[in-house]
Amino acid sequence: MTQKNRIAGGQIDRNTTCKFTFDGRTYAGHAGDTLASALLANGVRLMGRSFKYHRPRGPMTASSDEPNALVHLRSGARTEPNTRATTTELFDGLTATSQNRLGSLSFDLLAVNDRLSTFLTAGFYYKTFMWPAAFWEKVYEPIIRRAAGLGTLSFEDDPDVYDKGFLHCDLLIIGAGPAGLMAALTAARSGAEVILADEDFRMGGRLNSETYTIDDAAGADWAAATVSELANMPNVRLLSRTTVIGAFDHGIYGAVERVSDHIATPDAGKPRQILWRIYTQKTILAAGAIERPIAFNNNDRPGIMTASALRSYANRFGVAVNKRTAIFTNDDDGHRTATDLHAKGVKVIVIDPRADAPRARDYEVLAGAQVVDTMGRLGLTFAKVCLADGTERIIECGALGTSGGWNPNVHLTCHQRGRPVWNDALAAFVPDDLPAGMTVAGAAKGDMSTAGALAGGAQAAHSALELKGRLPAIPQAEDAPVNITPFWYVEGASRAWVDQQNDVTVKDVKLSHQEGFRSVEHLKRYTTLGMGTDQGKTANMGGLAIMAELAGKTIPEVGTTMFRPPYTPVAIGAFGGRHRGQDFHPKRLTPSHKWAEEQGAVFVEVGNWMRAQWFPRKDETTWRESVDREVLATRKSVGVCDVTTLGKVDVQGADAADFLNLIYCNGFAKLPVGKARYGLMLREDGIAMDDGTAARMAEDHFVVTTTTANALSVYRHMEFVRQCLVPDLDVQLISTTESWAQYAVAGPNARRVLEKIVDQDISNAAFSFMACANITVCGGLRARLFRISFSGELAFEIAVPTAYGDALIRRIMTAGAEFDITPYGTEALGVMRIEKGHATGNELNGTTTAANLGMGRMVSDKKDSIGSVLSRREGLNRADDLRAVGIKPIDPTQPVPAGAHLMISDGPVDAAHDQGYVTSACYSPNLGHHIALAFLKNGEGRIGETMRLVSPLTDIDVQVEICSAHFIDPKGERLRA
Amino acid sequence: MHDLIPIPALGVATQTIGTITIAENAGVALASVAARRGRADICADVLTSILGAVPDVGKAVLHDPEAGFWMAAGQWMIGAPMDTHEDLADQLKAKLGDAASVTEQSGGWVVFDITGAAMPDMCEILCNAPIRRMAAGDVQRTMIHQLGCFVIRRAADDHIRILGPRASAGSLHHALITAATAVA
Amino acid sequence: MIIDHPLLGPRDSAEFTYMGDARLIERPSPDSPDAAAAFYDYAYLRDNPAGWHRELWFHEAGDRSWLVVTRNTVTHEISKVEFASDVARAKGRSK
């Protein structure tokens, strides 16, 4: 197909042709085109269907505020819905399809909604909730779900990657139009570190779309020359294709750089987009202005767009949307479009409601006239105009440009709750209250002329950077004043679109007012005005002007809705960056990981740690078989388990013992060197926080362990106590979790295995229960040995510098071979600790006290410790408080599930009669039946009682007996052996 | 002498992607030093005798054979060649005595040396350290791929050293490789 | 937000962990006759002002210092950043 609307001029590369398809048809455009400009060049005006009524739509703008021309870009897994054709850079091989249609774009079956518009007015969605009640779920909701919305997702994984990055500068300039470029030049020549970001792929802003000259050059040429000067300066970073999406606190800005969106597929390993976090001292917002439309009946037909868009298509892209074009304008800027189009050979007619509209020699101007309606099923064919004398005239045209004035682009000035103020001369809101460090220049500030923008940009850079000396020379440029008479909608208009993306009409705004939703925020929610992907950039002003008129208020009295980041839609992938799939979070591998993999271990994620869960043997078909074997073998002979993941904190200093006395509820001052002790930490409110051991390696040196899960938060808490509560104690903390590879060797033969490894006497006499020491192993490697036991067996934990962890586990396995040493994972570890009645996170669950855990007597009243005062509160010390107990089923074949609740066996089963709950449960291979740990009211006094254990959700109701939580070796003889 | 053989955190070969070379450096012994209360002067004297100077806030002293950098007020990380200083913590403790708390850190960290012209570009998509503003000897603790790391700007203009948590050496290396590929 | 660390200069607040009211430094004495009531206040009753607030921030991804940051909770303006240990000493928490 030929590019029948292509005309001379513009900044496209006519030597580079790009083939692309839209809805399966192949077209040609040029490098430098957008998808919209290329389609318009090919005579395609119809690009989409509207949200609610499925009305035919074409582009309304040539920029990122586009409400209508939203397409599916690319195909397959790379499909990107709701992509603005007006900013999509054309590339060879681009494929796009239209969206939100049933059938073809030109014959959309859901266009019937347009006939039903009486029922689909503002608030119809909320009204469907009201009556009849049963209709919502069965009738309305499915229909609305099917019909509403725009594009659809591919439902496939995005094959591309996204990066997140960080940039630092002295000055961030947002927008590379005349103001931004002049600001960048001024700042860059001073030596400041400058970032200039622009959402377009071609810097220059409106200069690319205008015919103005700067000094003696075309504006676009001046822009190109300036950009190339900036590109050669080492202190300047030019970020084109980069949208600054948010202004955050203290000079932090978010920006999305579309690195690979303009090519078919990103190069291998290259990101599609980068989400930048920019740290800057100062910011100049030079984001320009957005032209607003005028509302009249059927103002949404393809071919009707803003006048400045027509100008962009003609001047920048070399596209005359139609050879017969009408301009409907209330300001002098609309006439500029007419002049430009006429010069390009387009037949132009101007309709200006102002009686004193400027006259033109070359084309007809209808002063005091208004467009009252349009015709054309899939695109504009005729406009109906009401002339000054009240007669009507039908004008044949395929394009109609509307110009209702320009809104300074204040969006980013309002991200920190700033509100713009009304400017009567411009009939628009201008920035007022700015984020700290930001200044505004050019059209964004309300300086609408090119000369004003250039001077304003230079001045803004000069003052932002507090430069001394004179301003640079400002090039000569046009300096036309703004001449506008506010005009928002044509009297009597009803099906006149205010928000084209969300199908909000003048009538809807009136209905909202009539039904009492008059505040601007209510208007937005009730009608959905401004809630589309474009956030109403071209729509909001019209909506609130109409509301102001209806409410008898001024526009500033009505005010604007909040502006929030992001400025334009951002792909979720950009926010996710590399953190997806396997890389969602980093993995932590234990020192024995490689060896465990060789053993065929099954791993489980514990926080970020990958821990061996069990070590299946070839003949084992269920996890229980492996776990039972590991437990039995450990209790019978010896087992080994990697316990490196426990948090370890090195506590040193003359006052280290005093410090531990404060953070643990039990005492540590008298712990002798060479001994370890179990410690329980409370929160200040008396609830248990964490537990572990503290081993006294020297008078002034303890090694403290925390649970794996709480390693970070306990360390933070310890630093809080050290710095905020006892700032002058001589104590130093540092985490050493990963510095040491630590293995638990447990079972009756544990000592015999380790005797072959350690270089000193570890007999019971020389190294008794809870002993600890700095030792050497294997003939001289520095190591630490602790005689502590989680399993309840005779056990040691042995630690070596992490680099030797792999060698040590292999050595332990060799040394233990004669005792059939068995590696065990976290499941067997869990079974053995339940058999022994040791608490973990299931029991220290953020609601339990030391007393609940059966450790009430540990809370020393002879010293101060965190949580001790409030642990003595009456409410935490009632006679019928929960106590930790053991549970076994009466029928040994039955399981006792965790989470089930205990009830009196002949009492009612309901929440009011709840007696307690199971925290941990497992099958005990040693006992041959399931066992569990539970919290039970007055548990100590109920040993031997038969109770019902119920879980209504899983339909479980079993008889259980309450017993001691210590199922194995209650006297602790094994661990002292 | 013992007969256990240490293994590097990751044990990966040096890789060059575009202009960037990423090398695991398993030859660094590390120990942290924290001044005891009221003993800062003695601690500073000893550190000066070892390093030539006490590393200032946010700085490293790039010195041979021992080097050091600032971690926190009154706390420093000291590094030295593993071949000669495997017992670095003991060596330091012997010199510092009660003036400081010394903790062995060799096993806690993986060390990567990154060199090449595109190194600053790579850093920009790894962490918020203002790499282009950092001078030789500047050190910043920062997050890379959710991991707390130290970034040390070395003497050569295109060289940084990254210390990251050893257990996550694989994840960190993966992040370095993907970032290098993205900017290559 | 940017927190101007007393030693390290401006740092991104993302490097910090937040813990709220800096009154947590003022832990009551367990020996006072009204200790139970004082600890109840300390543990549970804290101000949550719209406006200037002194709060605790932990430089988790930095030098591991606890800071007292004086911040306006409405505007996010930060007027003062101190080491919590210095504040604690000034409150008489030295031994």
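Residues numbered from 1 in each chain as written. Chains lettered and ligands numbered in written order. Predicted model: local features only at pLDDT ≥ 70, side-chain atom pairs only at ≥ 80, totals over all residues.

Below, the discussion takes up the overall build of chain C. Each helix and strand counted, chain C has 2 helices and 6 strands in total. Beginning at the N terminus, the succession of helices and strands in chain C can be written as β-β-β-α-β-β-β-α. Principal axes of the C-alpha set define a box for chain C whose edges measure 45 × 30 × 20 Å. For chain C, the residues scored as buried account for 28% of the 95 residues in total. Partitioning the intrachain contacts of chain C with sequence separation of at least 6 by distance along the chain shows that 50% fall at a separation of at least 24. (Helix = DSSP H or I, 4+ residues; strand = E, 2+ residues; numbered from the N terminus. Buried ≥ 20, exposed ≤ 12 C-beta atoms within 10 Å, placed from the backbone. Contact = placed C-beta atoms within 7 Å.)

Listed as interface residues are 37 residues of chain B and, on the opposing side, 42 residues of chain A. Sorting the residues of the side of chain B that touches chain A by element identifies strand E3 (28-35), strand E7 (100-104) and helix H5 (169-183) of chain B as the ones contributing at least two each.

Glancing now at the domain arrangement of chain B. Residue and element names in this part refer to chain B. You can read the domains of chain B as domain 1 (15-25 + 108-183) and domain 2 (28-107). Of note, the centres of domain 1 and domain 2, computed from C-alpha atoms alone, are 23 Å apart. Every contact between the two is made by 12 residues of domain 1 and, on the other side, 10 residues of domain 2. Mapped onto the side of domain 1 that touches domain 2, the elements with two or more residues apiece are strand E8 (109-115) and strand E9 (139-144). Partitioning the side of domain 1 that touches domain 2 into residue classes produces 5 nonpolar, 4 polar and 3 charged. (Domains from an automatic or database assignment. Nonpolar A, V, L, I, M, F, W, Y, C, P; charged D, E, K, R; others polar.)

With that settled, consider the nonpolar core. Residues and elements named next belong to chain A. Among the nonpolar cores identified, the biggest contains 274 residues, and Leu171, Ala183, Ala184, Val194 and Val745 are the most heavily contacted of them. Ranked by the residues each element gives to this core, the list is headed by strand E8 (residues 161-174), at 9 residues. Sequence-distant contacts of Val194, that is, excluding residues within four places in its chain, are made with Cys169, Asp170, Leu171, Ile173, Ala184, Ala187, Ala188, Asn235 and Val236. Counting residues in hydrophobic clusters, the runner-up holds 84 residues, among them Ile12, Ile294, Phe296 and Phe517. (Core = buried A, V, L, I, M, F, W, Y, C linked by C-beta atoms within 7 Å.)

A word on helix H8 (residues 332-343) of chain A. Counting along an α-helix, one turn takes 3.6 residues, and residues three or four places apart therefore face a common direction. Residue and element names in this part refer to chain A. Counted at 1.5 Å a residue, the expected span for H8 with its 12 residues is 16 Å, and the 17 Å between its end C-alpha atoms agrees. Taken as a whole, H8 has its buried residues at Asp333, Gly334, His335, Arg336, Thr337, Ala338 and Leu341. The elements touched by buried residues of H8 are helix H7 (307-315), strand E18 (324-329), strand E19 (347-352), strand E24 (399-403) and strand E25 (406-408). (Expected span 1.5 Å × (residues − 1).)

Time to look at the interface of chain C and chain A. It is common to give the size of an interface as the accessible area that goes away when the parts come together. Chain C puts 25 residues into the contact, and the matching count from chain A is 21 residues. Breaking the side of chain C that touches chain A down by element, the ones donating at least two residues are helix H1 (35-44) and helix H2 (84-90) of chain C. If one sorts the elements of the side of chain C that touches chain A by residue count, H1(C) sits on top with 5 residues. When the residues that make up the side of chain C that touches chain A are grouped by side-chain class, the tally is 14 nonpolar, 5 polar and 6 charged.

Glancing now at the sheet that holds strand E37 (residues 688-698) of chain A. Residues and elements named next belong to chain A. On the basis of which strands lie adjacent, the open sheet formed by 5 strands has the order E36-E37-E38-E35-E39 and antiparallel pairing. At either end of the open sheet lies a strand with only one pairing partner, and these are strand E36 (676-682) and strand E39 (732-735). Sheet twist, expressed as the average angle between the axes of neighbouring strands with direction ignored, equals 25°. In this structure, strand E35 (residues 647-652) lies alongside E39, joined through 4 bridges in antiparallel fashion. Residue Val651 lies in a different strand from E39, and its bridge partner there is Leu733. Where helix H17 (residues 656-663) meets the sheet, its contacts fall on E35, E36, E37 and strand E38 (701-706), and the angle it forms with E35 comes to roughly 135°. (Pairing = 2+ DSSP bridges. Axes fitted to C-alpha atoms, helices over the stretch in contact; angles between N-to-C directions.)

A word on helix H9 (residues 450-464) of chain A. All names here are of chain A. For H9, with 15 residues, the first-to-last C-alpha span of 21 Å sits near the 21 Å given by 1.5 Å per residue. In terms of burial, H9 is largely enclosed, as 11 of its 15 residues are buried. On its buried face, H9 is in contact with E8, helix H5 (178-189), strand E10 (213-214), helix H6 (219-231), strand E15 (271-285) and strand E28 (438-440). Two residues or fewer after H9 comes Glu466, characterised by a positive phi angle close to 50°.

Now for the sheet that holds strand E49 (residues 946-951) of chain A. Residue and element names in this part refer to chain A. Around the barrel, which closes on itself, the 6 strands sit in the order E45-E48-E47-E46-E49-E50 with antiparallel pairing between neighbours. When strand polarity is set aside, the average angle formed by the axes of neighbouring strands in this sheet is 45°. Here 2 bridges tie strand E46 (residues 901-904) to strand E47 (residues 916-924), and the two strands are oriented antiparallel to one another. Bridged to His901 within E47 is Tyr917. Sitting on the sheet, helix H21 (residues 826-836) is in contact with E47 and strand E48 (929-937), with an inclination near 120° to E47.

Turning our eyes to something else, we now look at unusual backbone geometry. One can expect most non-glycine residues to show negative phi and most peptide bonds to be in trans. A cis geometry characterises the amide bond from A:Pro565 onward to A:Pro566, with omega recorded as -5°. The amide bond that connects B:Asp64 to the next residue, B:Pro65, takes the cis arrangement and shows omega of -5°. Take B:Pro65: it is sitting in the loop between strand E4 (60-61) and strand E5 (67-72). Here A:Asp955, not a glycine, exhibits a phi torsion of approximately 60°, which is positive. With respect to the helices and strands, A:Asp955 occurs in the loop between E49 and strand E50 (956-963). Note on A:Asp955: 7 C-beta atoms within 10 Å, which makes it exposed. In the Ramachandran plot, C:His76 falls in the positive-phi region, its phi being about 65° despite a non-glycine side chain. Relative to the elements of secondary structure, C:His76 occurs in the loop between strand E5 (66-72) and strand E6 (78-83). Under the C-beta neighbour-count criterion, C:His76 is labelled partly exposed, with 15 such atoms within 10 Å.

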